Amino acid sequence: MADADASPPQTGEPISEQEALRRLRQSEDSSQQYYGAWWLGRMRSQHPEAVPLLQQALRQRRPRDSGEGVEENAVARNAARALGKLAPAAHAAIPDLLDTLEDPDDGLREAAARALGELRAVEAVGPLCNRLASGPAVAGAQQADSPRLVEPCEALLEALGDIGLAQPQVLAVVEPFISHERPLIRSAAARALLQLTGDPCWGERLVALLEHPQLQVRRAALMDLGAAGWRPGFDAIARTLTDNSLKLMALRGLVERGSGPPGDEALLACMDGLL
Amino acid sequence: MSHHPPEQGNAADAEARIAAVQQADSAQALLRATQELARCPEAHAAPVLVEVLGFNNPGAAVAAVDGLIRLGPAAVEALLQLDPDNYGARAWAVRALAGIGDVRGLELLLEALGSDVAASVRRAAAKGLGQLDLDLLSEAERQRVRACCLEALLAAGADGEWVVRYAVVVGLESLAQGLAAESPERLRAQAGLDALSEAAEVTPPVVQQRARLALARLAIH
């Protein structure tokens, strides 16, 4: 599923690239840094200073402590997210993101995992597998003091699917999560397995989730089918009970990432009908 | 409904379905009653369906939009009388007007495409501006309306959201089909499609592909 927290952190006047860089560079006001980091990712900045400044922001992370204003790690999280959008320049930051994947803050690990997936960082496959290796019962258990899981399983699984290294040891780590108690995790695991193996049985799992009673689950399954570009799911996507915006995003994924029947023209006609 | 005696029975049935919408006392009841009414609405149900657009019940609003589109031109007056300050209702009304294609909706569609905050509303408006029904207009009026639509769609080709640019392609294609080949307007529409068919940082492959399809279809016509 897409990063839920990727919307603009505040509304305000449009700013320039120079202004975004300036806000990230200063260290007095972390909410300004937060906005600057978000802006550079959103606008896909190609400025040579963007990646080094984001790397620096990523290294500023510290133990979670929500004091006044923006919590410190919020800047690092946004920096990680922005780096995920800045390939190829951001490949230089892969070692920083791998470090971040070991951070005690699971929210930061989540952002780092997504960025590593977006950057298709093959060197992250081992570390991502390590975080999941203890399986649904440990890595996938709920934290004692919060509804979050011990590991950000959804992001870790999706990253493995996006990177696409279909080795037996990777599949062995992902497969147990197909029976996780949470449907969102099952969806992420099915997506990753579909991307890694192309086996239609995983696509069918996602199609089944399109009929889940919870809207949030139906939406996740839509996004996952789109991410995998699984064209046989086309009809079920068009019929899902949700707003057309998400169906359009999923169908875009089928057009851009999928192959085989139905052909492009049928998919585009379906999209036209949903506008 | 063939077991009803003609006319009277249908009218009574319509009244009952309108009353069911007006008296619905839960979100679920409103959804069901609206779906019932939208299935085969009559002209005087239009204001009731329009009212549903403002109830902040997305499921019912979707059904109401379907019903209003089914009513076609008979629903337009009620849609245009909508409270301009009720943003949610207006967004649904734009979708209904886009689907109906009545030229009386032109101003609202132009405004929506140019300035609505929601991409879902802008995309509906872009598609709608390409498929207005202009058959009953004089030739001069038709040209004026098409020129307005063309300018608005070309400007929205730079929209920040891919889905709006996708809808602009769809709108430009259907608009261009009504323009004489080799006319300056048709050539401008094709130039707009051409720009959207080219690889660019901001134009995702799906938009390029849809624009190429539109250009191929226009070349045949």
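Residues numbered from 1 in each chain as written. Chains lettered and ligands numbered in written order. Predicted model: local features only at pLDDT ≥ 70, side-chain atom pairs only at ≥ 80, totals over all residues. Heavy atoms only, no water.

**So, the overall build of chain A**
Stated formally: In DSSP terms, a helix is any run of H or I states spanning at least four residues, a strand is any run of E spanning at least two, and both are numbered starting from the N terminus. The rule is simple: take the accessible area with a 1.4 Å probe, protein chains only, and divide by the maximum for that residue type; under 20% is buried, over 50% is exposed, in between is partly exposed. Between two residues, a contact is recorded if the distance between any of their heavy atoms is within 4.5 Å. To be clear on the numbers: accessible area is Shrake-Rupley with a 1.4 Å probe, and residue cover counts the displayed protein chains and nothing else.
Across its full length, chain A carries 15 helices and zero strands. Based on the C-alpha atoms only, the size of chain A along its principal axes is roughly 55 × 45 × 30 Å. A burial count over chain A gives 54% of its 275 residues as buried. Looking at chain A alone, contacts between residues at least 24 apart form 63% of all its contacts between residues at least 6 apart. On chain A, roughly 12200 Å² of surface is accessible, and the fraction owed to carbon and sulfur atoms is 51%.

**What about the interface of chain A and chain B?**
For the record, the criterion: Accessible area that two parts lose when put together, with a 1.4 Å probe and added across both, is what the buried area reports. Put simply, a salt bridge is a Lys or Arg side-chain nitrogen that is within 4 Å of an Asp or Glu carboxyl oxygen. By the criterion applied in these results, polar contacts are pairs of N or O atoms within 3.5 Å in which, for protein atoms, one can donate a hydrogen and the other can accept it, and in which residues neighboring in sequence qualify only through two side-chain atoms. Think of it as three bins: nonpolar holds Ala, Val, Leu, Ile, Met, Phe, Trp, Tyr, Cys and Pro, charged holds Asp, Glu, Lys and Arg, and polar takes everything else, Gly as well.
Facing 17 residues of chain A, the contacting portion of chain B comprises 19 residues. Across the chain A/chain B interface, buried area totals approximately 1500 Å², and carbon plus sulfur atoms make up 56% of it. Applying the counting rule to chain A against chain B returns two salt bridges. Where chain A packs against chain B, one counts nine residue pairs in polar contact (both at pLDDT 80 or more). Class assignment for the residues of the side of chain A that touches chain B results in seven nonpolar, three polar and seven charged.

**Focus on the pattern of salt bridges**
Per the stated rule, a full pass over the model turns up 31 salt bridges over all chains. Across the pair Glu265 of chain A and Arg217 of chain B runs a salt bridge, and its minimum N-O distance is 3.3 Å. Taken together, the positions of Glu265 of chain A in helix H15 (residues 264-274) and Arg217 of chain B in helix H12 (residues 205-220) put the pair across two chains. Residue Glu173 of chain B pairs with Arg217 of chain B through a salt bridge whose shortest N-O separation is 3.2 Å. A residue pair is termed long-range when its members are at least 10 positions apart, and Glu173 of chain B in helix H10 (residues 162-177) and Arg217 of chain B in helix H12 qualify at 44 residues. Of the residues examined, Glu173 of chain B reaches a relative accessible area of 6% and is grouped as buried. Owing to a relative accessible area of 24%, Arg217 of chain B belongs among the partly exposed residues under this scheme. Linked through salt bridges whose partners overlap, the residues forming this network are Asp106, Glu110, Arg114, Arg148, Glu158, Asp162, Arg191 and Asp224 of chain A.

**Topic: the environment of Glu28 of chain A**
Tracing the sequence through the fold places Glu28 of chain A in the loop between helix H1 (17-25) and helix H2 (30-42). Through-space distance from the C-alpha of Glu28 of chain A to that of Glu204 of chain A is 51 Å; in sequence the pair is 176 residues apart.

**Quick notes on the confidence of the model for chain B**
Residues and elements named next belong to chain B. This is how the line gets drawn: The pLDDT value expresses, per residue, how confident the predictor is, ranging between 0 and 100.
In the predicted model, chain B carries a mean pLDDT of 90, and 95% of its residues have values of at least 70. The spread of mean pLDDT over the elements of chain B runs between helix H1 (residues 8-23), the lowest at 80, and H10, the highest at 97. Residue range residues 1-9 is modelled with pLDDT below 50. Its contacts to residues more than four positions away, or to other chains, number five contacts. In the model output, the complex is listed with pTM 0.87 alongside ipTM 0.88.

**Considerations on helix H6 (residues 106-118) of chain A**
Residue and element names in this part refer to chain A. Where we set the bar: Multiplying 1.5 Å by the helix residue count minus one yields the expected span of that helix.
When the terminal C-alpha atoms of H6 are compared, their 18 Å separation across 13 residues agrees well with the 18 Å that a helix rising 1.5 Å per residue should span. In terms of burial, H6 is largely enclosed, as 11 of its 13 residues are buried. Residues of H6 that are buried: Asp106, Gly107, Leu108, Arg109, Ala111, Ala112, Ala113, Arg114, Ala115, Leu116 and Gly117. Of the residues flanking the end of H6, it is Arg120, one or two places downstream, whose phi is positive at about 55°.

**Quick notes on the side chain of Asp103 of chain A**
All names here are of chain A. If you trace the backbone, Asp103 turns up in the loop between helix H5 (94-100) and H6. The exposure class assigned to Asp103 is buried, which follows from its relative accessible area of 10%. Within the structure, the side chain of Asp103 is placed 2.8 Å from the backbone nitrogen of Asp105, a separation counted as a polar contact. Apart from the residues within four sequence positions on either side, Asp103 is in contact with Arg61, Leu108 and Arg109.

**What to know about the packing of aromatic side chains**
Applicable threshold: When the centres of two rings from Phe, Tyr and Trp lie within 6.5 Å, Trp using its six-membered ring, the rings pair. Their planes under 30 degrees apart give stacked, over 60 give edge-to-face, and anything left gives tilted. By the criterion adopted, a ring carries a charge over it if an Arg CZ or a Lys NZ lies within 6 Å of its centre and within 35 degrees of its normal.
The tally for this structure, following the rule as stated, stands at two aromatic pairs over all chains. For the ring pair Tyr35 of chain A and Trp38 of chain A, a centre distance of 5.6 Å and an interplane angle of 40° mean the geometry is tilted. Of this pair, Tyr35 of chain A and Trp38 of chain A both sit in helix H2, three residues apart, which is roughly one turn of the helix. Here the two residues Tyr35 of chain A and Trp38 of chain A agree in accessibility, since each one is buried. Above the face of the Trp162 of chain B ring, Arg252 of chain A is positioned so that its terminal group lies 4.9 Å from the ring centre. Positioned over the ring face of Trp92 of chain B is Arg95 of chain B, at 4.4 Å from the centre of the ring.

**Brief notes about the confidence of the model for chain A**
Confidence in the prediction of chain A, expressed as mean pLDDT, is 92, and 92% of residues score 70 or more. In this model, residues 1-7 of chain A is a region of pLDDT below 50 whose contacts with residues beyond four sequence positions or in other chains number 13 contacts.

**Overview of unusual backbone geometry**
Residues and elements named next belong to chain A. The residue after Ala87, namely Pro88, is reached through a cis peptide bond having omega 0°. With respect to the element layout, Pro88 can be found in the loop between helix H4 (72-84) and H5. Going from Pro261 to Pro262, the amide bond is cis rather than trans, its omega being -5°. In this structure, Arg44 is a non-glycine residue whose phi angle is positive, near 50°. Here Arg44 lies in the loop between H2 and helix H3 (50-59). Accessibility expressed as a relative area gives 39% for Arg44, which makes it partly exposed. Phi is positive for Arg120, close to 55°, though the residue is something other than glycine. Structurally, Arg120 can be placed in the loop between H6 and helix H7 (125-132).

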